[in-house]
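Results of the structural survey
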Amino acid sequence: MRLLAPTPGWSMKCDVVVVGSGVAGLTTALQIRSHNLSVVLVTKANIDEGSTRWAQGGIAAALGPGDSPQDHKEDTLTAGAGLCDPSAVEVLVSEGPEAVRRLIARGAVFDKSDTGEIALTREGGHLRNRILHAGGDATGLEVSRALLAAVRDDNGIEVIEHALVLDALLSEEGEIAGVTLHVIGEGSRDGVGQIESGAVVIATGGLGQVFAQTTNPSVSTGDGVALALRAGARVADVEFIQFHPTVLFLGEGSKGQQPLISEAVRGEGAFLVNHKNERFMSGAHPLKDLAPRDVVAKEIERQMRQHGIDHVFLDARGIQGFAERFPTINQSCLEHGIDPTKDLIPVAPASHYASGGIRVNLNGRSTVPGLYACGETACTGAHGANRLASNSLLEGLVFGARIAFDIALSLKKDKKIASDRRRPILVDPSARRKIQEVMSREAGVVRSRESLTRAKEELHKLRDLRSKDPHTASWETTNLLLLAEAIVSAALMREESRGSHWREDFPASDDAWLVRIEEWLIDGELHSRLAPLSITEGLEWRW
Ligand SMILES: Cc1cc2nc3c(=O)[nH]c(=O)nc-3n(C[C@H](O)[C@H](O)[C@H](O)COP(=O)(O)OP(=O)(O)OC[C@H]3O[C@@H](n4cnc5c(N)ncnc54)[C@H](O)[C@@H]3O)c2cc1C
């Protein structure tokens, strides 16, 4: 399958195309440049759009006294609930400190303590203070600022904004040889075109827009994962969608991106209460309000069901200097008529992070030669069933560098583009709202065979809403539908509860499910298999 789109009307060439300008794409592009290869960085909207700039809490790295990569690894494995690939976690935590130092050398400025050291705080699931933050709660903005400045300074990176990547180009040997894209531009590069390249790095971020309420921005429609599926790659762990427990509750029926109340607020002493002002996390987990995210989200969901309420509250009134420590959160609360120093903050869970994605090895290689994936769009196995807070910015920094190194060693140039015989598809944009409602209602925090079967049937019917009008909305909707079907299919298959996947009909974890569910497309239909947790560098990675 491929997206229905006009034949490319313009063409260009480079060594590597990087798709996406978040922490993963920017880091990968800069690292590739250190190997002297030419890069075209394409991004769907303005260059600073994506989840990265919204990241509040920070970046986790074992930099503090008494901390170690080993301790960071243990906390990551615990949060991942048995499904992490220990070798991917090892890479993340041991190469993390160096990757953060590289980011600082590129100009990122983190908050300091009174003694002038980088201030380290704690978030849910971390047993040590190891979270670097910037501008109080504006870490992502600073990371993005520093990386964007470095990219702008590099003449070897050509940036194309408002460029929505549609599909991969295939070579006559069946390798990835570039991308097709639609540019809202001017002059010769306007409309649908193609970029031929030796390698393509997908760094398109998350897929939160599959759900009705999400912390993710509007660009997070999972385009890269859908592209990879259509190109023949495998995806894994897509059933593990992290629902952030504390998202500002904006009232019944609110849709799209919702403001996040970072875990760091609980790290600084805030706690959850229900409508009767009872602290319900105290008896729920030894870490109480700082339990891993899935535990907190489930407990909130339990409270909401038990008492027939649609939100709970965060009590942050005891935090001294709230407005200085959390300026962004303070501002978004004030904009909604809540003063966190005086009022309880209404919160409810919303879709936040995709732990799964394009299955890659430790060098970011997908199962299709020439196609790499980095950041939230990839499944390295480092997050398992549930990502540990603040490990995702880190993942982009660490694996971006590894991908660049792998490309430098193995890049094949001048591939011959094959003619594309794939069947074109396009779904009408009117399906988008329906997909989101179905997914939030039937495949959200709590799932069951009944709810997932309903979702599967309703999504299947939406396939019939065909469109002949290729444009951003129909391309994104087509991607969202494919991803929703992949999530539901894996969630139905996994008959247990683990990490961020909670089946009320199978409430316990089951060791028989210590496997990954991989999915791929053949003739437009999803196929799946149970795969081992670790990639032992099988044949599919040797390209
Ligand atoms: C509100 C919020 C708070 C968070 N807080 C933290 C935190 O404190 N710490 C932490 O570690 N993580 C946090 N996360 C998660 C983290 O921000 C993301 O996982 C991470 O930034 C993802 O980076 P990325 O580069 O993979 O994707 P993104 O930053 O989302 O970038 C994706 C890029 O791909 C582009 N793109 C998408 N589709 C296409 C297409 N078809 N063609 C071309 N370009 C495309 C987008 O425009 C964008 O530039 C938070 C996330 C959110 C939403």
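Preceding block: the structure.
Rules and cut-offs
Residues numbered from 1 in each chain as written. Predicted model: local features only at pLDDT ≥ 70, side-chain atom pairs only at ≥ 80, totals over all residues. Heavy atoms only, no water. Helix = DSSP H or I, 4+ residues; strand = E, 2+ residues; numbered from the N terminus. Buried < 20%, exposed > 50% of the residue type's maximum accessible area, 1.4 Å probe, protein only. Polar contact = N/O pair within 3.5 Å; in protein donor to acceptor, adjacent residues only side chain to side chain. Pairing = 2+ DSSP bridges. Axes fitted to C-alpha atoms, helices over the stretch in contact; angles between N-to-C directions. Contact = heavy atoms within 4.5 Å. Near = heavy atom within 4 Å. Areas by Shrake-Rupley, 256 points an atom, 1.4 Å probe, with all protein chains shown as cover. Nonpolar A, V, L, I, M, F, W, Y, C, P; charged D, E, K, R; others polar. Expected span 1.5 Å × (residues − 1). Arc of directions from axis to C-beta. Core = buried A, V, L, I, M, F, W, Y, C linked by side-chain atoms within 4.5 Å. Parallel < 35°, antiparallel > 145°, perpendicular 65-115°, else oblique. Left-handed = near helix turned anticlockwise from the far one by under 90°. Salt bridge = Lys/Arg side-chain N within 4 Å of Asp/Glu carboxyl O.

The subject of this paragraph is the side chain of Arg516. Mapped onto the elements, Arg516 comes out in strand β24 (residues 516-522). Take Arg516: its relative accessible area is 0%, and that puts it in the buried class. A polar contact of 2.8 Å, which involves the side chain of Arg516, links it to the backbone oxygen of Leu533.

Along helix α9 (residues 327-335), the residues classified as buried are Ile329, Asn330, Ser332 and Cys333. Of the residues one or two after α9, Gly337 is the one with positive phi, at around 80°.

Here we take up the sheet that holds strand β2 (residues 11-13). The four strands are arranged β2-β11-β10-β9 in an open sheet whose pairing can be described as mixed. The open sheet has two edge strands with one neighbour each: β2 and β9 (163-170). Neighbour-to-neighbour, the strand axes of this sheet turn through a mean angle of 25°, independent of strand direction. Note: strand β10 (residues 176-183) against strand β11 (residues 191-196), six bridges, orientation antiparallel. By the bridge assignment for β11, His182 is matched with Val192. Along the sheet face, helix α13 (residues 472-493) touches β9, β10 and β11 and points at about 60° away from the line of β9.

Taken together, 38 residues sit near the ligand, with Thr52, Gly58, Asp223, Glu376 and Ser392 positioned nearest. A distance of 3.0 Å separates an oxygen atom of the ligand from a polar atom in the backbone of Glu49. Against a free-state accessible area of 990 Å², the protein chains account for coverage of 98% of the ligand. Secondary structure elements with two or more residues in the shell around the ligand: α1 (23-33), β9, β19 (345-354) and α10 (391-410). Across the shell around the ligand, the residue classes break down as 14 nonpolar, 19 polar and five charged.

The next point concerns helix α12 (residues 449-462). Over its 14 residues, α12 extends 20 Å from the first C-alpha to the last, a length consistent with the 20 Å expected when each residue adds 1.5 Å. Looking at α12, one finds that the buried residues are Ser451, Leu452, Ala455, Leu459 and Leu462. Projected onto a plane normal to the axis of α12, the buried residues spread over an arc of 90° and lie on a single side. The inward-facing, buried residues of α12 contact α11 (431-442) and α13.

With that settled, consider the nonpolar core. Counting 69 residues, the largest nonpolar core has Val42, Ile195, Val210, Leu371, Ile435, Met439 and Leu459 as the members making the most contacts within it. At 11 residues, the largest contribution of residues to this core is made by α13. Once residues lying within four places of it in the same chain are set aside, the contact partners of Leu371 are Ile176, Val200, Ile202, Leu227, Ala228, Ala233, Gly364, Arg365, Ser366 and Trp543. In terms of nonpolar packing, the next biggest core, distinct from the first, is built from 46 residues, Val18, Val100, Ala199 and Val201 among them.

Across the interface, helix α2 (residues 69-79) lies against helix α3 (residues 86-105) with an axial gap of 9 Å and an inter-helix angle of 135°. Comparing their axes, α3 and α2 come out oblique. The crossing of α2 and α3 is right-handed. Taking contact as the criterion, the partners of Pro69, His72, Lys73, Thr76 and Leu77 in α2 are, on α3, Pro86, Val89, Glu90, Val93 and Ser94.

Turning our eyes to something else, we now look at the pattern of salt bridges. Opposite charge on two side chains permits pairing when their charged atoms draw close. Under the definition given, this model contains 43 salt bridges. The salt bridge partner of Arg305 is Glu504, with a shortest N-O separation of 3.2 Å. A residue pair is termed long-range when its members are at least 10 positions apart, and Arg305 in helix α7 (residues 293-307) and Glu504 in the loop between α13 and β24 qualify at 199 residues. Looking at Arg305, the relative accessible area reads 48%, which means it is partly exposed. Residue Glu525 is joined to Arg463 by a salt bridge in which the shortest nitrogen-to-oxygen separation is 3.0 Å.

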